[in-house]
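# Observations on the model geometry
The primary structure of each chain is shown beneath.
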Amino acid sequence: MSLHDDAVLVLKSYDEQEELRQLYLDHLAAHPDGMWKSCGTGHLTASALVIDPERARVLLTLHKKLGMWLQMGGHCEPGDATLAHAALREATEESGVAGLTLLRGGPVRLDRHAIPAPCHWHLDVQYAALATAGAVAEISDESLDLRWFAYDEVAGVADESVVRLLDHTRSAL
């Protein structure tokens with residue numbers, strides 16, 4: 001099975017956010033390269049909100065290019081067997097946190113957002129990654145900063161998409 005096939009399978013089984021799910025499926029059907037950054041009209045991405053439920057906090061990165069506090073995530077790579085693998089890889093690389101595990105049940109939500117050219121659109125499949133007790137974060141070169149925020153602080157630093165991801169993640173816990 002290819003990463004493209006995995007994406008179609010994940011999206012076909014996803015109940016919520018029907019309109020976005022269908023848009024993602026239509027995109028993949030129309031664009032054989034729809035998983036990759038090279039697809040000029042947009043492409044799927046995978047992200048994960050790193051969460052420490054024991055301490056009621058999440059780890060956000062101050063994205064170097066966008067200058068926004070976001071969850072960890074990014075582009076799928078040829079070595080990613082699944083979207084879940086891509087999300088976990090990105091979360092581990094960008095957070096430096098060892099031992100992350102994805103929250104059971106598959107993606108938490110979908111989010112489509114405009115990105116400056118040449119990417120145009122990210123069709124993001126969003127997961128949640130659980131940090132182990134005492135997790136230590138280490139900033140990567142993709143970030144300006146990396147910081148833990150209490151749940152109630154997120155709305156003051158991040159955009160609505162991150163707030164919605166946190167809300168959906170907390171509901172799934």
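The structure reproduced in this document is the subject of the present report. (Residues numbered from 1 in each chain as written. Predicted model: local features only at pLDDT ≥ 70, side-chain atom pairs only at ≥ 80, totals over all residues. Heavy atoms only, no water.)

## Some remarks on the overall build of the protein
Convention followed: Only DSSP runs of H or I with at least four residues qualify as helices, and only runs of E with at least two residues qualify as strands; both kinds are numbered from the N terminus onward. Put simply, the radius of gyration uses C-alpha atoms, and a globule should come to 2.2 Å times the residue count raised to 0.38. For every residue, the accessible area (1.4 Å probe, protein chains only) is compared with the maximum for its type, and the residue is labelled buried under 20%, exposed over 50%, or partly exposed between those bounds. Residue exposure ignores everything except the shown protein chains as possible cover, and the areas themselves are Shrake-Rupley values with a 1.4 Å probe.
The helix and strand tally for the protein stands at 5 helices and 8 strands. Rg of the C-alpha trace for the protein: 15 Å, near the compact-globule value of 16 Å for 173 residues, within the 12% margin. The dimensions of the protein, computed from C-alpha atoms along their principal axes, are 45 × 30 × 30 Å. Counting across all 173 residues of the protein, residues that qualify as buried make up 47%. Surface exposure of the protein reaches about 8,400 Å², of which carbon and sulfur atoms provide 54%.

## Things to note about unusual backbone geometry
Positive phi, close to 50°, is recorded for A56, a residue that is not glycine. Within the secondary structure layout, A56 lies in the loop between β1 (43-52) and β2 (57-63).

## Quick look at the pattern of salt bridges
Convention followed: Salt bridges are defined by distance alone: a side-chain nitrogen of Lys or Arg within 4 Å of a carboxyl oxygen of Asp or Glu.
Tallied over the full model, the rule gives 9 salt bridges. Measuring nitrogen to oxygen at the nearest pair gives 3.5 Å for the salt bridge that ties D111 to R164. Of this pair, D111 sits in strand β6 (residues 109-115) while R164 sits in helix α5 (residues 160-172), placing them 53 residues apart in sequence. Salt bridges sharing common partners tie together E77, D80, R89, E90 and E93.

## Focus: the nonpolar core
Counted only if it meets this: For the purposes of this section, nonpolar cores are sets of buried Ala, Val, Leu, Ile, Met, Phe, Trp, Tyr and Cys residues that join through side-chain atoms within 4.5 Å. Here a residue-residue contact requires only that any non-hydrogen atoms of the pair lie within 4.5 Å.
Membership of the largest hydrophobic core comes to 26 residues, with the highest contact counts inside it found for M35, L44, V50, L59, L83, L100 and V125. Taken together, the elements giving at least two residues each to this core come down to α2 (18-30), β1, α3 (83-95), β7 (120-130) and β8 (143-150). Apart from the residues lying within four places of it in its own chain, the contact partners of V50 are R57, V58, L59, M72, A91, L100, A129, A131 and W148. Of all hydrophobic cores here, the second largest spans 18 residues; its members include L60, V162, V163 and L166.

## Brief notes about the packing of aromatic side chains
So the rule is basically this: Aromatic pairing here means that ring centres of Phe, Tyr or Trp (its six-membered ring) are within 6.5 Å. Orientation follows from the plane angle: under 30 degrees is stacked, over 60 is edge-to-face, and everything else is tilted. Working rule: Lys NZ or Arg CZ, within 6 Å of ring centre, within 35 degrees of ring normal, means a charge sits over the ring.
Following the criterion strictly, the structure yields 1 aromatic pair and no others. When the ring centre of W148 is taken as reference, the NZ or CZ atom of R57 above it lies at 3.9 Å.

## Comments concerning the side chain of H27
Note that H27 resides in helix α2. Using a relative accessible area of 10% as the deciding quantity, one classes H27 as buried. Those residues in contact with H27 that lie beyond four places of it in its chain are G34, C39, T41, G42, H43, L44 and L123.

## A few points about the pairing of β7
Basically, it comes down to this: What makes two strands pair is DSSP finding at least two bridges between them.
Among the 11 residues of β7, 8 are classified as buried, and the element is accordingly described as predominantly covered. Pairing of β1 with β7 involves 9 bridges; the strand directions are parallel. By the bridge assignment for β7, H43 is matched with H122. One ladder, built from 2 bridges, connects strand β5 (residues 101-102) with β7; its direction is antiparallel. Pairing of L102 across the sheet is with A129, part of β7. In this structure, β6 lies alongside β7, joined through 7 bridges in antiparallel fashion. By the bridge assignment, R109 is partnered in β7 with Q126.

## Quick look at the side chain of T169
By the secondary structure assignment, T169 is in helix α5. Leaving out residues up to four positions away in the same chain, T169 has contacts with L49, I51, L103, V108 and A128.

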